[in-house]
Amino acid sequence: FPSHSLQAKMSRPLQARRLEGIDKNIWVEFAKLAATYSKVNLGQGFPDFPAPDFLTEAMTRALGGGNHMMHQYTRPFGHLPLVKVLAQFFEKLLGRDVDPMTNVMVTVGAYEALFCCFQAFVEEGDEVIVIEPFFDCYEAMVKMAGGTPVFVPLRPNPPKDGKLMSSADWQLDPVELASKFSKRTKAIVLNSPNNPLGKVFSRGELELIAELCVKHDVLCISDEVYEWLVYDGKQHIRMASLQGMWDRTVTIGSAGKTFSATGCKVGWVVGPDRLLQHLRTVHQNSVYVCATITQEAVAQGFQRELTLYGKPESYFVQLPKELQQKRDQLVQSLDAVGMKPIIPEGTYFLVADISQFKSDVPDDPNSDEPYDYRFAKWMVKNKGLAAIPLSNFYSEAHKKNCSNFIRFCFAKEEATLKAASDILQKWKQEKTS
Ligand code: PMP
């Protein structure tokens, strides 16, 4: 061998430049902290209760039902039974024709759907408007595609009469929102119901966004994974159903959230062929095809829900009722100890104000970490309760302005929520005694 080939260690830079600034991610660190210290984990967003029997039974049938083709590749852009039933469902929800072959694409969870959108639509130098607080991968995905995220915050309006705040009290300033649109804006990301706040955007708010999209010829990437998790009789309004928006909207969904089975990793995009054709290019050359068995099971789940649509036995009717009770249970436990919850209108998350608990974890002006990071770490290590700092859902520049909140997931068994309540009660007693 020539001598240079013996020098095994590579010395050239390895990380692609587009990963700069997005290589740090708190999920790994917080998952490890939760695994090491937590007695009760209300941090990461997944249910600890079982998925519905009809889904697990469909999964078992798909796996062992004698159709050996379930173990082979299926149609790359979506298993036929699944795209067909999704199209039927969305025809109902959007009040328009939806073609299973051209208006629906199945992905590996909503994550892949998002990734396909940013890769397909965002050019170097394009701007993408992201509403803060936001599901944190949006920023990374825009950057990986070469785009620039432009952030616009939901601003809290504290209720006057001393009532608890609702996620509806967090609103966009219309003038500020309009100021973010320019010739460089390619898309806006909308997430309603929103993770982490649980905000369900009203028709008026959606119309404001829609108007700006049409005026500036901008796409809307509408992440609606929590579409069925809406409380207090509120209605989830789909951006694609608004006048003029079908043509410029891709709607993203997730079987993981829909059927309380986040491990199944089946997602979808619904939208006009003109847009979906580009997503198909990304999907075809990255993932190619999603697992057949899970697609088959999810198709059967949707088939059941189509038959029971709007009826009391429907899972889409039952699940939000159950989750609303869980939400109320956690709201009550937090309120009782003075960790003021912001009541979410949807999703399985709620955000709580930790200001009254600051004496336990003093401010440190020299720390690089936002206060809520330090608080959440202290809480899991010392109290055994895991939650996620809200500033994780803000851009770097705005993290420090919102560091008095933490996010809890309430999609948990009764016993888990009771255990969280016991920790909070004991903590409160220690503080007052
Ligand atoms: N969008 C939002 C807003 C989410 O909260 C999540 C999951 N936490 C996803 C997309 C990804 O969903 P999936 O598990 O189907 O990939």
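Residues numbered from 1 in each chain as written. Predicted model: local features only at pLDDT ≥ 70, side-chain atom pairs only at ≥ 80, totals over all residues. Heavy atoms only, no water.

Visitor: An account of the sheet that holds strand β9 (residues 249-254) is needed here, citing residue identities and associated values.
Guide: Read from one edge to the other, the open sheet built from 7 strands follows the order β2-β10-β9-β8-β7-β3-β4, with strand pairing classed as mixed. Of all strands in the sheet, those with a lone pairing partner are β2 (104-107) and β4 (148-153), marking the two edges. Across the sheet, the axes of successive neighbouring strands diverge by a mean angle of 20°, strand direction being ignored. Inspection of the sheet shows β2 paired to strand β10 (residues 267-270) by 4 bridges, in the antiparallel sense. The residue bridging M105 from the neighbouring strand is V269, located in β10. (Pairing = 2+ DSSP bridges. Helix = DSSP H or I, 4+ residues; strand = E, 2+ residues; numbered from the N terminus. Axes fitted to C-alpha atoms, helices over the stretch in contact; angles between N-to-C directions.)

Visitor: So, the site of the ligand: which residues are in play, and what are the values?
Guide: Around the ligand sit 13 residues, and of these D223, Y226, S254, K257 and K265 come closest. Take N195: an N or O atom from its side chain is 2.9 Å from an oxygen atom of the ligand. Between S254 and the ligand, the recorded distance is 2.7 Å, taken from a side-chain N or O atom to an oxygen atom. In the complex, 92% of the free accessible area of the ligand, which totals 400 Å², lies under the protein chains. When residues of the shell around the ligand are assigned to their parent elements, the largest contribution, 3 residues, is made by helix α4 (residues 109-121). Considered class by class, the residues forming the shell around the ligand number 6 nonpolar, 4 polar and 3 charged. (Near = heavy atom within 4 Å. Polar contact = N/O pair within 3.5 Å; in protein donor to acceptor, adjacent residues only side chain to side chain. Areas by Shrake-Rupley, 256 points an atom, 1.4 Å probe, with all protein chains shown as cover. Nonpolar A, V, L, I, M, F, W, Y, C, P; charged D, E, K, R; others polar.)

Visitor: Now, about unusual backbone geometry: what can you tell me, with residues and values included?
Guide: Going from S192 to P193, the amide bond is cis rather than trans, its omega being -10°. Residue placement: P193 occurs in the loop between β7 (185-191) and α7 (203-216). That bond from N195 to P196 is cis: its omega, 25°, falls within 30 degrees of zero. Mapped onto the secondary structure, P196 falls in the loop between β7 and α7. With a phi angle near 50°, S260 is a residue other than glycine that sits in the positive phi range. By the secondary structure assignment, S260 is in the loop between α8 (255-258) and β10. On the accessibility criterion, S260 (6% relative accessible area) is buried. Positive phi, close to 70°, is recorded for Y288, a residue that is not glycine. The residue Y288 is located in the loop between α9 (273-284) and α10 (292-307) in this model. (Buried < 20%, exposed > 50% of the residue type's maximum accessible area, 1.4 Å probe, protein only.)

Visitor: Now, about the packing of helix α12 (residues 371-383) against helix α13 (residues 414-432): what can you tell me, with residues and values included?
Guide: Look at α12 against α13: their axes get within 12 Å of each other, and the N-to-C directions meet at 95°. Put simply, α12 runs roughly perpendicular to α13. Within the contact between the two elements, α12 uses F375, W378, M379 and K383 and α13 uses I423, W427 and E430. Along the lines of polarity and charge, the residues of the contact of α12 with α13 split into 5 nonpolar, no polar and 2 charged. (Parallel < 35°, antiparallel > 145°, perpendicular 65-115°, else oblique. Contact = heavy atoms within 4.5 Å.)

Visitor: Tell me about the pattern of salt bridges, residues and numbers included.
Guide: This model, assessed by the stated rule, comprises 19 salt bridges. Close ionic contact of R327 with D328 constitutes a salt bridge, the shortest N to O distance being 3.0 Å. Taking the relative accessible area as the measure of exposure, D328 reaches 35% and is therefore partly exposed. A network of salt bridges, in which partner residues are shared, links E29, E369 and K377. (Salt bridge = Lys/Arg side-chain N within 4 Å of Asp/Glu carboxyl O.)

Visitor: Report on the UniProt feature "domain: Aminotransferase class I/classII large" (unreviewed entry) in the chain, specifying residues and quantitative values.
Guide: Mapped onto the present numbering, the UniProt feature "domain: Aminotransferase class I/classII large" (unreviewed entry) falls on residues 39-420. Each end of residues 39-420 is marked by a C-alpha atom, and these two atoms are 9 Å apart; helix forms 38% of the span and strand 16%. (UniProt positions renumbered as here; feature names shortened; annotations may be inferred.)

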